[in-house]
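Here's the letter readout for the chains.
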Amino acid sequence: MDAQQRVAAFVAEHEMDAPPAFRLLDLASEVGELAKDANESSAYGANPDEVSVNPDEIGDALFALLALASSLDVDAEAALDEALEKYERRLDDRGEMSSGE
């Protein structure tokens, strides 16, 4: 069973269904907690080599992202494959991954 299926099964088992808008807000909140850890551990960027985040918070963000993908009927692994292909094309074409926008 892949990670997205595990999250979907957990959500279903614990009756935690929520609309995509709520899932997106949850993801934003979890990413904010990661940013808080990074800010605090690096003295708000003064010591970038000191960045540290709680692995549990990464798990929370991953859970929220996979729950969002499921609520939108998006195959997270297929979306990741598509993103990697896009980045590969950009590297081949321009030598960088950014969108250039």
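Residues numbered from 1 in each chain as written. Predicted model: local features only at pLDDT ≥ 70, side-chain atom pairs only at ≥ 80, totals over all residues. Heavy atoms only, no water.

1. Focus: unusual backbone geometry
Here's step 1: Its identity is not glycine, yet Glu 15 carries a phi of approximately 50 degrees, on the positive side.
Here's step 2: With respect to the helices and strands, the residue Glu 15 is situated in the loop between α1 (3-13) and α2 (20-41).
Here's step 3: By relative accessible area, Glu 15 is classed as exposed at 74%. (Helix = DSSP H or I, 4+ residues; strand = E, 2+ residues; numbered from the N terminus. Buried < 20%, exposed > 50% of the residue type's maximum accessible area, 1.4 Å probe, protein only.)

2. Thoughts on the packing of α1 against helix α3 (residues 55-71)
Here's step 1: Two numbers describe how α1 lies on α3: the axes approach to 9 Å, and their chain directions differ by 85 degrees. One element, α1, and the other, α3, form an angle in the roughly perpendicular class. For the pair formed by α1 and α3, the contact residues are Ala 3, Gln 4, Val 7, Ala 8, Phe 10 and Val 11 on the first element and Phe 63, Leu 66, Ala 67, Ala 69 and Ser 70 on the second.
Here's step 2: Within the contact of α1 with α3, the residues separate by chemical class into nine nonpolar, two polar and no charged. (Axes fitted to C-alpha atoms, helices over the stretch in contact; angles between N-to-C directions. Parallel < 35°, antiparallel > 145°, perpendicular 65-115°, else oblique. Contact = heavy atoms within 4.5 Å. Nonpolar A, V, L, I, M, F, W, Y, C, P; charged D, E, K, R; others polar.)

3. Description of the packing of aromatic side chains
Here's step 1: Using the criterion set out here, one finds one aromatic pair in the structure.
Here's step 2: For the pair Phe 10 and Phe 63, a centre-to-centre distance of 6.0 Å together with 90 degrees between the ring planes defines the contact as edge-to-face. With Phe 10 in helix α1 and Phe 63 in helix α3, this pair connects stretches of sequence that are 53 residues apart.
Here's step 3: Assessed through its relative accessible area of 23%, Phe 63 is described here as partly exposed. (Phe/Tyr/Trp six-rings, centres within 6.5 Å; stacked < 30°, edge-to-face > 60°.)

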